[in-house]
Amino acid sequence: MPAPQDGPLLDDAAGRLIRPYTVSNGRTRPTTVLDLLSLVMATGSEPQVHLGPEHTVALELCGGPTSVAEIAAHLRLPAVITKVLLSDLVDCGAVTAHAPAFHDTPTDRSLLEAVLDGLRRQL
């Protein structure tokens, strides 16, 4: 699979040739509720509508459960634009999205203390 930066959308000297808002046709609100940690995965069904090249690359990145943040990083697009692209793929049935399962609450004091201790050891 070619890297997203290997296509005609990026130029070494000029940078991105297409502005992010044009990728989503100016839309900034996804139709599906997605979080940066939401996991998306391809369903195996082909989209019945014409999608842009960024949609195609995003779909290729969804071979296994992949977070929205990771897909945005690979696409080199802002998270909000990536969410719009992924919600398009959810709407046409090409991918599914699931919120991450937390076993502990992210504000659990013992978890935060363990992270702080780990950071202190690194310094």
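Enquirer: Explain the overall build of the chain to me, and be specific about the residues and the numbers.
Expert: The helix and strand inventory of the chain stands at five helices and five strands. A sequence separation of at least 24 residues applies to 72% of the contacts in the chain between residues at least 6 apart. Carbon together with sulfur atoms contributes 57% to the accessible area of the chain, which is approximately 8100 Å² in total.

Enquirer: Describe in detail the environment of Met41, supporting the description with residues and values.
Expert: Along the chain, Met41 falls in strand E3 (residues 39-42). On a C-alpha basis, the gap between Met41 and Thr96 in space is 5.5 Å, while along the polypeptide they are 55 residues apart. Not counting residues up to four positions away in its chain, the partners in contact with Met41 are Cys62, Gly63, Gly64, Pro65, Ala94, Val95 and Thr96.

Enquirer: Explain helix H3 (residues 68-75) to me, and be specific about the residues and the numbers.
Expert: Residues of H3 that are buried: Val68, Ile71, Ala72 and Leu75. An end-on view of H3 places all buried positions within 100° of arc, on one side of the element. At the C-terminal side of H3, Arg76 shows a positive phi close to 60°.

Enquirer: So what about the confidence of the model for the chain? Which residues, and what values?
Expert: Mean pLDDT over the chain: 80, with 74% of residues reaching 70 or higher. Below pLDDT 50 for its whole length, residues 1-8 participates in seven contacts with residues either more than four positions away or in separate chains.

Enquirer: So what's going on with the sheet that holds E3? Residues and values would help.
Expert: Spatially, three strands are ordered E4-E3-E5 in an open sheet, and the strand pairing comes out antiparallel. Among the strands making up the open sheet, the edge pair consists of strand E4 (66-67) and strand E5 (95-98). As paired elements, E3 and E4 share two bridges and run antiparallel to each other. Along E4, the bridge assignment pairs Val40 with Thr66.

The rules behind the values
- Residues numbered from 1 in each chain as written.
- Predicted model: local features only at pLDDT ≥ 70, side-chain atom pairs only at ≥ 80, totals over all residues.
- Heavy atoms only, no water.
- Helix = DSSP H or I, 4+ residues; strand = E, 2+ residues; numbered from the N terminus.
- Contact = heavy atoms within 4.5 Å.
- Areas by Shrake-Rupley, 256 points an atom, 1.4 Å probe, with all protein chains shown as cover.
- Buried < 20%, exposed > 50% of the residue type's maximum accessible area, 1.4 Å probe, protein only.
- Arc of directions from axis to C-beta.
- pLDDT = per-residue confidence, 0-100.
- Pairing = 2+ DSSP bridges.

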